[in-house]
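Descriptive structure summary
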Amino acid sequence: MLDNHERIGTKLIPPLAQIPMAKSSSWLDHHMPEMLWAVLLTGTLNRIQYLNCFREIAAICREWFLRIEAAKNSELENKSGAAHNFTVIVDHIKLAEVSDEEFNKFLSVVLAHPMGCVALRPLLLLDCLPGYDRWRHALQVEPSNDDWSILARSVGGVIDHQSEASTDIRWFKLILPIISGRMRFPESEAERLDELRLFPDKGDMRSVRPFIRSGEMVLRRNPPSPWVEAFWTLAMNKTGCVDPSKDDGYTFSDTEINSTALYAARDAVAERFHSNASPLRIDPRLDSAFGLTLYGLSILEEIGMHRMQTRIVGAIALRALAEVCITLRYLAHIDSPSMWHSYRVYGAGQAKLAFLKLQQIQGDLPTFIDEDAIHGIANEDVWQEFLNIDVGHWANSNLRKLASECGAKETYDRYYDWSSSYIHGNWAAVRDTNFVTCHNALHRLHRIPRIAHRSLHTVEPDCVELVNEVISTLENLYPSAEPIPRLSLRPLQGTADAG
Ligand SMILES: [Zn+2]
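Just so it is clear, the structure is predicted and the values come from calculations on it, not from any experiment.

Summed over all chains, the structure comprises 20 aromatic pairs. Pairing Trp37 with Phe54 gives two aromatic rings, centres 5.9 Å apart and planes at 85°, and the pair type is edge-to-face. Of this pair, Trp37 sits in helix H2 (residues 36-44) while Phe54 sits in helix H3 (residues 47-65), and the two are 17 residues apart along the sequence. The class of Trp37 is buried, set by a relative accessible area of 0%. On the basis of an interplanar angle of 20° and a centroid distance of 4.7 Å, the ring pair of Tyr412 and Tyr416 is categorised as stacked. One end of the pair is Tyr412 and the other is Tyr416, both in helix H20 (residues 409-424) and 4 residues apart, which spans about a single turn. Relative accessible area serves as the criterion here: at 9%, Tyr412 is assigned to the buried category. Linked through ring pairs, Trp37, Tyr50, Phe54, Phe103, Phe106, Trp135 and Phe172 together constitute an aromatic cluster. Between Arg192 and the ring centre of Phe211, over which it is positioned, the NZ or CZ distance is 4.4 Å.

Below is the structure:
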C-alpha cells in the first residue's frame, strides 16, 4: 500500500528498495542462458523424461564437485561463505572446462534419449557458446533454421523465473552442491532435504518450489558470464520479431451515451440559466457555474459523437472533465463573489496573455488560433489595458489541494492521476497505447510498435458520472422544483469497423 512507502524528498520508496546493500539478479537476462542445455531439454522432452535426465546427470557430475576432505574444511568454507561456490553448476562455462571424458559422460545421458540430439541441436547455432567446437564435434549434426524455433519455444518456457520448467532447472542447480557435500543443512532440515531429493514427488510444492528458487539464487555466477550478452545479441540478430498485433486494425465501438438524455440535460441547463438570468452586466457566479456545466456536456457529446471513448483522446477528455468537475465543486464550496471573480478574471487574463504573445509571433499564426475570439474575451469585462495577468493559479493553489478542500479528493484520486498520463504523453501512456510485447521469446519481451494504437477501456461511464456530478453541483447553486435530467448509458448496440 502507499502507506508502506517512505517519502524521501519527492520520491516514495517501497519497502523492498529500502533494504540496504540489496542487489538484484536476473534469471532471464544473466543466468538462464548458462543453463541452455537444460532449457532445451525442458522444451523438447516431457517432464518425466527431462527430470530423469537431470537426476542421472546430477549423479554423474556429482564427482566433479565431490569434496574429499569433508567436514573440517567445509565448516571453514561455511564460515567464509565460500560454500556457496558458483563452480558447483553444470552450466556452459563448467562444461567447457571439464575434460573430454567428463563431457562425453555428461552428454551420453542426453544422447541416450531418442530426442536428445534434436533437443540439443540448437546449441550449434550459437558460435558464442563456451566450448562450441566440442559441442559441434560431439553432436555431429548440422543445425537448421528450424532450430531457432526450438530454441525460442524452449526459452519461452523459462522466461518466467517461477515457471515449472524454470523451477525444475533451478532444482537441478541446487541439488548438485547438496549431493556433493558443498551445501550442508542442519539435522533439523532432514525433512526438507528429503523433499529436495525426491522432488517433485514429496512435500507441499507451494513450499518446496519457493525454497528451491531462493536456494538457487546463491548459486549464480557473479559477475554473470560475458558470453551471455553475446548470446542475446546473436538471438536478436538472427531471428525476427513476432508481432501479436499485426492483424489488429482500428475498430470503433458505437457510443453508449444516451443522446436523448444528453440533449434533454443541455436544454434544461439552458432553460435554468434563463430563469436565473441576472440584471447584472457581469455575473461571474451565474456565467461560471452554467458555463462549466455546458462545457462538461460538450466534452461528453464529442466523446460519443466521434466514438472517442476507447481512444487516447477519450482519456484526455476524461482528464479535462475531472478538472471541470473539481473546479466547479470548489467554486460552489467557497461560493464567495471574490472566488467566482478570481476564476473569471484569471481566464480573461490568460486570453490577454495569449493575445499579446500572438503579436510577437513571426509569420503565420497556428491554425487553431482564433485571434478575434481571444481578443474579444480578453476585452469583454474590462479593456485589457486594465486587466491584470495572473501567471500563477486562479485560486493560488493547485487542483489536488482544491479537491481536498472541497471534499472532491475521491474524484481526484479516481480520475485525475492516471488520465493525466495521457495528456502529458508520459512513458506509461506511450507504452500502453503504441507498443506491444514481441512474442519472440529470444527477444526477451521487448516492445515493438503496434500496427494501430491499442483500444483502451471505455471512458463513457466515468465521464457520465463526472458530468452528473457537475449537474448536481449546479442544481445546488441554482435550485428549482424541476430537476435537470441526468445522463445515462444505453445498452451497447454493436461495433463498426472503420477499416
Ligand atoms: Zn522482437
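Another aspect to go through is the coordination of the zinc ion. Distances from the zinc ion to its protein donors, Cys241 (SG), Cys438 (SG), His443 (ND1) and His446 (NE2), fall at 2.0 to 2.4 Å. Seen from the zinc ion, its 4 donor atoms lie at angles of 103 to 116°, and the figure they make is tetrahedral. Here the donor residues for the zinc ion map to a single chain with the spacing C-x196-C-x4-H-x2-H. Linking Cys241 in the loop between helix H13 (227-238) and strand S3 (251-253) with His443 in the loop between strand S4 (435-437) and strand S5 (447-449), this pair joins segments that are 202 residues apart in sequence. Residue classification places Cys241 among the partly exposed positions, given a relative accessible area of 44%. The class for His443 is buried, based on a relative accessible area of 4%.

So, on to unusual backbone geometry. Between Phe199 and the following residue, Pro200, the backbone shows a cis peptide bond with an omega angle of 5°. Take Pro200: it is sitting in the loop between helix H11 (190-197) and helix H12 (205-216). In this model, Asn222 is joined to Pro223 through a cis peptide bond whose omega is 0°. For Asn396, which is not glycine, the phi dihedral falls at a positive 55°. Within the element layout of this structure, Asn396 appears in the loop between helix H18 (371-378) and helix H19 (399-405).

Applying the stated criterion to the full structure yields 26 salt bridges. Ionic pairing is found between Arg134 and Asp100, a salt bridge with its closest N-O pair at 2.6 Å. Here Asp100 lies in helix H6 (residues 100-111) and Arg134 lies in helix H8 (residues 132-139), a separation of 34 residues in the sequence. A salt bridge links Arg329 to Glu469, with the nearest nitrogen and oxygen atoms 2.6 Å apart. Residue Arg329 is found in helix H16 (residues 312-334), and its partner Glu469 is found in helix H22 (residues 460-477); the two are separated by 140 residues along the sequence.

This paragraph deals with the packing of H2 against H3. Interhelical geometry of H2 versus H3 gives an angle of 150° and a closest axis separation of 9 Å. Between H2 and H3, the angle is such that the two are roughly antiparallel. Across the interface between the two elements, Trp37, Ala38, Leu41 and Thr42 of H2 pack against Tyr50, Cys53, Phe54 and Ile57 of H3.

To continue, consider the domain arrangement of the protein chain. The domain boundaries assigned to the protein chain delineate domain 1 (23-238) and domain 2 (251-497). Here domain 1 and domain 2 have C-alpha centroids that lie 58 Å from each other. Residue-level contacts link 12 residues of domain 1 with 7 residues of domain 2. Roughly 850 Å² is buried in total at the junction of domain 1 and domain 2, and carbon and sulfur atoms are behind 74% of that figure. Counting across the domain 1 and domain 2 interface gives 1 salt bridge. Our enumeration of links across domain 1 and domain 2 arrives at 1 residue pair in polar contact (both at pLDDT 80 or more). Of all the elements in the fold, those that place two or more residues in the side of domain 1 that touches domain 2 are helix H1 (27-31), helix H9 (146-156) and H13. Here the side of domain 1 that touches domain 2 takes 5 residues from H9, the largest share from any one element. Within the side of domain 1 that touches domain 2, the residues separate by chemical class into 10 nonpolar, 1 polar and 1 charged.

Conventions used here
- All residue numbers refer to position in the chain's written sequence, counted from 1.
- Since the coordinates come from a predicted model, pLDDT governs what is reported: local features require at least 70, and pairs of side-chain atoms require 80 or more to be given and counted, while whole-chain, interface and lining totals use all residues.
- Derived side-chain values reflect all non-hydrogen atoms in the structure, with water molecules and hydrogen atoms excluded from consideration.
- Note on aromatic pairs: the rings of Phe, Tyr and Trp (six-membered ring only in Trp) are paired at centre separations within 6.5 Å, and the planes decide the class, stacked below 30 degrees, edge-to-face beyond 60, tilted for the rest.
- Secondary structure elements follow DSSP: runs of H or I of four or more residues count as helices, runs of E of two or more count as strands, with numbering from the N terminus.
- Accessibility here uses a 1.4 Å probe with only protein chains present; expressed as a share of the type maximum, an area under 20% marks a residue as buried, one over 50% as exposed, and anything in between as partly exposed.
- Whether a charge sits over a ring depends on NZ of Lys or CZ of Arg being within 6 Å of the ring centre and within 35 degrees of the ring normal.
- For Na, K and Ca the donor cut-off is 3.2 Å; for every other metal, N, O and S atoms count as donors within 2.8 Å. Water does not enter the count, which can leave sites looking incomplete.
- A four-donor site is classed as tetrahedral when every donor-metal-donor angle falls between 85 and 135 degrees; four donors are called square planar, and six octahedral, when trans pairs exceed 155 degrees and all remaining angles lie between 65 and 115, with any other arrangement labelled irregular.
- When a carboxyl oxygen of Asp or Glu is within 4 Å of a side-chain nitrogen of Lys or Arg, the pair counts as a salt bridge.
- To obtain an axis, a line is fitted to C-alpha atoms, over the contacting stretch when the element is a helix, and the angle between two such axes runs from 0 to 180 degrees between their N-to-C directions.
- The labels follow the angle: roughly parallel below 35 degrees, roughly antiparallel above 145, roughly perpendicular from 65 to 115, and oblique for the rest.
- Contacts are assigned to residue pairs with any non-hydrogen atoms lying within 4.5 Å of each other.
- Domain start and stop points were drawn from an automatic or database domain assignment.
- Buried area is understood as the total, over both parts, of accessible area removed when two parts are fitted together, assessed with a 1.4 Å probe.
- In the analysis that follows, any N or O atom pair within 3.5 Å is treated as a polar contact, provided that within protein one partner can donate a hydrogen and the other can accept it, and provided that, for residues neighboring in sequence, both atoms belong to side chains.
- For this classification, Asp, Glu, Lys and Arg are treated as charged, while Ala, Val, Leu, Ile, Met, Phe, Trp, Tyr, Cys and Pro are nonpolar and the rest, including Gly, are polar.

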